[in-house]
Amino acid sequence: MMPLLALVIACRPAVESAAPADPASPAPTTPPVTTPPEAPIGSPSSAEDLDPADGSVSYALTAAPGTWASGGVLVDGYAYDGQVPGPTLRARVGDTVTVTLTNTLPDPTTIHWHGVSVPWAMDGATWMDDPVAPGATFTYTFVAERAGTFWYHPHFDTERQVDLGLYGMFVVEDPTDPPVAALELVLDTVASADAPAGGHGGAASGWTVNSAAQGGRAEVTTGPARVRLVNTSNDGYAALVGPLRVIGADQGLAAAIVEEPLLVLAPGDRAELELLATTTLTLTPYSVDGGAAWGEPTPLITVEVPSSEPAAWAVSGAAPSLDPGLTDVTYTLQGSGDVWLINGEIWPDVTIERLPLGASAVIEVRNLSAANHPFHLHGHAFEVLSVDGVAPTSRRIEDTLDVAIRQTVRLLLVADNPGEWMAHCHILPHAHDGMMTVLAIEEG
Ligand code: C2O
Ligand code: CU
Ligand code: CU
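### A look at the coordination of the copper ion (ligand 3)
Distances from the copper ion (ligand 3) to its protein donors, His373 (ND1), Cys425 (SG) and His430 (ND1), fall at 2.0 to 2.1 Å. Taken in sequence order, the residues that donate to the copper ion (ligand 3) follow the motif H-x51-C-x4-H. Each member of the pair, Cys425 as well as His430, carries the same accessibility label: buried.

### Considerations on the sheet that holds strand β31 (residues 436–442)
Strands sit in the order β23-β31-β30-β25-β28 across an open sheet of 5 strands; the sheet is mixed. For this open sheet the edge positions go to β23 (353–356) and β28 (400–403), each flanked by a neighbour on one side alone. The sheet shows a mean angle of 25 degrees between the axes of neighbouring strands, direction not considered. Two elements, strand β25 (residues 373–377) and strand β30 (residues 419–425), share 3 bridges in a ladder whose sense is antiparallel.

### Regarding the pairing of strand β26 (residues 382–387)
Within β26, 5 of the 6 residues are buried, which leaves the element mostly enclosed by the surrounding structure. Bridging between β26 and strand β27 (residues 397–398) involves 2 bridges; their strand directions are antiparallel. Within β27, the position partnered with Glu383 by the bridge is Ile397. Pairing geometry for β26 and strand β29 (residues 408–414), over 4 bridges, is antiparallel. For Val387, the partnering residue across the bridge sits in β29 and is Val409.

### Things to note about the pattern of salt bridges
Any two side chains of opposite charge can pair, so long as their charged atoms come close to each other. Per the stated rule, a full pass over the model turns up 19 salt bridges. Measuring nitrogen to oxygen at the nearest pair gives 3.0 Å for the salt bridge that ties Arg217 to Glu219. The class of Glu219 is partly exposed, set by a relative accessible area of 43%. Salt-bridge contacts for Arg270 lead to Asp250; the nearest nitrogen and oxygen are separated by 3.5 Å. One end of the pair, Arg270, is in strand β16 (residues 270–275); the other, Asp250, is in the loop between β14 (238–249) and β15 (252–265), with 20 residues separating them in the sequence. Side by side, Arg270 and Asp250 carry an identical accessibility label, which is buried. Here the salt bridges share partners, and the residues they tie into one network are Asp177, Arg226, Arg228 and Glu272.

### A closer look at the sheet that holds strand β7 (residues 148–153)
Strand order in the open sheet formed by 4 strands is β3-β8-β7-β5, and the pairing between neighbours is mixed. Whereas interior strands pair on both sides, the edge strands pair on one side only; in this sheet they are β3 (86–92) and β5 (112–114). With strand direction ignored, the average angle separating the axes of adjacent strands in the sheet is 25 degrees. Of the pairings in the sheet, the one linking β5 to β7 comprises 3 bridges and is antiparallel in character. The partner of Trp113 across the bridge, within β7, is Tyr152.

Rules of the game
- Think of each chain on its own: its residues are numbered from 1, step by step along the sequence as written.
- To read the labels, note that chains go from A and ligands from 1, taken in the order they are written.
- Residue-level local features of this predicted model are given only where pLDDT is at least 70; pairs of side-chain atoms are given and counted only at 80 or more, and the full residue set underlies all totals for whole chains, interfaces and linings.
- Note that the side-chain values use all heavy atoms of the structure and ignore hydrogens as well as water.
- Metal sites are built from N, O and S donor atoms within 2.8 Å, or 3.2 Å for Na, K and Ca, and they leave out water, so they may look incomplete.
- Remark: exposure states derive from per-residue accessible area (1.4 Å probe, protein chains only) relative to the maximum for the residue type, with buried under 20%, exposed over 50%, and partly exposed in between.
- At least two bridges found by DSSP between two strands are what make those strands a pair.
- Secondary structure counts use DSSP, requiring at least four H or I residues in a row for a helix and at least two E residues in a row for a strand, with both numbered from the N terminus.
- The axes are straight lines fitted to the C-alpha atoms, using for helices just the contacting stretch, and the angles between their N-to-C directions are given from 0 to 180°.
- Between Lys or Arg on one side and Asp or Glu on the other, a salt bridge is scored when a side-chain nitrogen of the former is within 4 Å of a carboxyl oxygen of the latter.

Okay, here's the thing in structure tokens:
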């Protein structure tokens, strides 16, 4: 932490004098105001597995107030185990995962396992269940059924607590994957003086990688590199300039490996890249109000990788499912400013849609507003059937899907996890301002 703190002091005045964003006259995107570290950036440290037996992992996490540095800007915030990002929690597919949370915050909190199909009582969504009170502990337990890059964060006062620093990666490994060098990068937008951390207009204030200012470097000693990315920003879109070799998304390895010309990570999204040589991941300004934004591309991080051949990823090559042509649940997204609605309703005054357990259902999400919305469903993953009527070229499984302005997406859901699941926009200010509902999956 010490080198970062030195950096903090050097950089603070520049940050505090930055002009606040004025929604009436959007400021051009400015280059990052903080200085990246010279030492290579490593993956966040992993939590220690307290249960070394095969088939299970056990972790203890403490949420506590703490001061940390976001790209050199000091944040008087919250942290898991004193670090932001919180320690990476690891499991192997099929493991029973036990995590005991001790809450030493002045506020209630929870842990939500974003993208993981956990039993409803373990989901950390507090709308019908109590949060973990200050001073209390709670033990989460579930089976890690799918390999992939997930993340954990509170689901109580979510916008504020995530912003203050409560987030970390949850990696479920598949032991049959090629054993290549791994790098885990947690992206967030830089804290600003008026929003505690990574507040609105993230692209304008710059990005952090594992809390270091953008523009730094990382290295792996053998190629290729498997890079896992998660965008934990409350409302910033991380748009990475391609071509990038994308091997995975929200729910682990993709059905096909694609060279993407542009990889857009909406808030909550994950991706996995395979790097075959040294690569600078470059951000291009991207706005929640509709794609490309004003400004110049900026380096996010340079990853030094020895030149290498691709690994033999066991991608399925599966084709997308056929759209059955019927719609079971429709969500229309509307709103502007501080009012965001689903089907004309504002959380918590919402109509609960219901599906029978075991159903295969089509959800259609229509974005009628002038902002993008990353649609996220708890407890399940869904298949993308089409975006504006166009089916993907291979099977695409997600749990968070950006729905651009005026877009309509159709999703296939296998409703196999009973519970009353939250469905919401993962731009956390939008969720906070109403864009949240509940989808109940009910046993017959
Ligand atoms: Cu990241 Cu309701 O979730
Ligand atoms: Cu979630
Ligand atoms: Cu939204």
